Amino acid sequence: MSQESPKNSAAEIPVTSNGELDESHEHGFNRDLKRSLPAGLGLSETQITSHGFDSTKEGVTEAGMFQGSPAPPLPSVMSPSRVAASRLTHQGSDLMVPAGGQRTQTKSGPVILADEIKNPAMEKLELVRKWSLNTYKCTRQIISEKLGRGSRTVDLELEAQIDILRDNKKKYENILRLAQTLSTQLFQMVHTQRQLGDAFADLSLKSLELHEEFGYNADTQKLLAKNGETLLGAINFFIASVNTLVNKTIEDTLMTVKQYESARIEYDAYRTDLEELNLGPRDANTLPKIEQSQQLFQAHKEKYDKMRSDVSVKLKFLEENKVKVLHNQLVLFHNAIAAYFAGNQKQLEQTLKQFHIKLKTPGVDAPSWLEEQ
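Everything numeric here is computed off the predicted structure, so don't read it as measured data.

Conventions and cut-offs
- Residues numbered from 1 in each chain as written.
- Predicted model: local features only at pLDDT ≥ 70, side-chain atom pairs only at ≥ 80, totals over all residues.
- Heavy atoms only, no water.
- Helix = DSSP H or I, 4+ residues; strand = E, 2+ residues; numbered from the N terminus.
- Buried < 20%, exposed > 50% of the residue type's maximum accessible area, 1.4 Å probe, protein only.
- Contact = heavy atoms within 4.5 Å.
- Areas by Shrake-Rupley, 256 points an atom, 1.4 Å probe, with all protein chains shown as cover.
- Salt bridge = Lys/Arg side-chain N within 4 Å of Asp/Glu carboxyl O.
- Axes fitted to C-alpha atoms, helices over the stretch in contact; angles between N-to-C directions.
- Parallel < 35°, antiparallel > 145°, perpendicular 65-115°, else oblique.
- Left-handed = near helix turned anticlockwise from the far one by under 90°.
- Nonpolar A, V, L, I, M, F, W, Y, C, P; charged D, E, K, R; others polar.
- Phe/Tyr/Trp six-rings, centres within 6.5 Å; stacked < 30°, edge-to-face > 60°.

Some remarks on the overall build of the protein chain
Part 1 of the reasoning: Helices and strands together make up the secondary structure of the protein chain, namely eight helices and two strands.
Part 2 of the reasoning: Put simply, the protein chain runs from its N terminus to its C terminus through helices and strands in the order α-α-β-β-α-α-α-α-α-α.
Part 3 of the reasoning: Sorting the 373 residues of the protein chain into buried and exposed places 24% on the buried side.
Part 4 of the reasoning: Counting contacts in the protein chain only where the partners sit at least 6 residues apart, residues at least 24 apart contribute 73% of the total.
Part 5 of the reasoning: Taken as a whole, the protein chain presents about 28200 Å² of accessible surface, with 56% of it coming from carbon and sulfur.

Next up, the structure:
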């Protein structure tokens, strides 16, 4: 430690008595650095930033040993600006360094979004929204019609046919209910007559002095029970045919009528909407609404016309089928009742054969598979 190491003149920064830096040494350092730069490159083309010791900014260069003699050209130190640094940072993010150490640059370009995948929840929400809007309009139309404020589309001829059909259905249901009551009472009477005939037959065997009288009554009650079973078969066949006509054929037509009435309410609701929009002002905001309302109105008009046509066709076929079915069933009912109360057993049996009615013999079970073999 006897000999001090030579001090670097470039590293010494003299300070004046006022605590300020001595600018003469700074100018001398810049002059020496200018000499060391190659020809054609002046200080005006470089940016050298000197900082204090307390500065943490970039561009600080450490001064080495200065010999005063010309030295090899030193690389110029450039202080990049913040904008350039941010650009370099973004460019560096596009560089990928694999495990081998070789850099490959990925291509960066505009991001192309694929078609948006349909969301089932959004589709259901849209369906609920359309259903709610349609229900609101139809409910408003129904209330306005009941209050007498709204107008409704009426097909007089078709409405009259529908009213007649509903009235006939009520009457046919009444006939069906009475026929079922008659069948139940007749079944009880036949069952009673059969028991009474068995009782007379038993007494005819045990009472020798009244053997013939009990025997006559037994045969009569058994004959009445047999004829009653034949009549019961005819009545049950009549009930089954009328029940099919009322609860299936007519009911199916009335379901189509209900769909027609719903289509009519929707048609009137959207027609009223379109009329209200046409009465209002026409500007850039209302024209799209009017066009959309016109499209919805046209769609519901086509649906209404189709349903009206379907109802007309079904009513026509129903009338033809009803006449044919009721004609046969009424003839059967009349002939069977007349033959039964006239005591004409042959005519009663002939009536059943005419309508291909097979009676099930009471008290006789179906043959077993051994008997069928």
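Let us keep going from here.
Points about the pattern of salt bridges
Part 1 of the reasoning: In the structure shown here, the tally under the stated rule is 19 salt bridges.
Part 2 of the reasoning: Of the charged contacts in the structure, one is a salt bridge between Lys169 and Glu173, with a shortest N-O distance of 2.5 Å. Note that Lys169 and Glu173 are positioned in helix H4 (residues 156-206) at a spacing of four residues, about one turn of the helix.
Part 3 of the reasoning: Residue Lys169 is classed as buried on the basis of its relative accessible area, which comes to 12%.
Part 4 of the reasoning: In the salt-bridge network here, residues are joined through shared partners; they are Glu145, Arg264, Asp268, Arg271 and Glu275.

Side note on the packing of helix H5 (residues 211-279) against helix H7 (residues 345-354)
For any two helices packed against each other, the geometry is given by the interaxial angle and the distance between the axes.
Part 1 of the reasoning: Orientation of H5 relative to H7, taken along the N-to-C sense of each, is 25°, at an axis distance of 10 Å. By the angle class used here, H5 and H7 are roughly parallel. Of the two elements, H5 crosses H7, and the hand of that crossing is left-handed. Residue-level contacts link Leu223, Lys226, Asn227, Thr230, Leu231 and Ala234 of H5 to Gln345, Leu348, Glu349 and Leu352 of H7.
Part 2 of the reasoning: Partitioning the contact of H5 with H7 into residue classes produces five nonpolar, three polar and two charged.

Points about the packing of aromatic side chains
Part 1 of the reasoning: Tallied over the entire structure, the rule returns six aromatic pairs.
Part 2 of the reasoning: When the ring of Tyr260 is compared with that of Tyr304, the centres are 5.7 Å apart and the planes differ by 25°; the resulting orientation is stacked. Highlighted residues: Tyr260 in helix H5 and Tyr304 in helix H6 (residues 286-342), separated in sequence by 44 residues. The residues Tyr260 and Tyr304 share a single accessibility class, namely buried.
Part 3 of the reasoning: Here the aromatic cluster, defined as three or more aromatic residues joined through ring pairs, consists of Tyr260, Tyr267, Phe297 and Tyr304.

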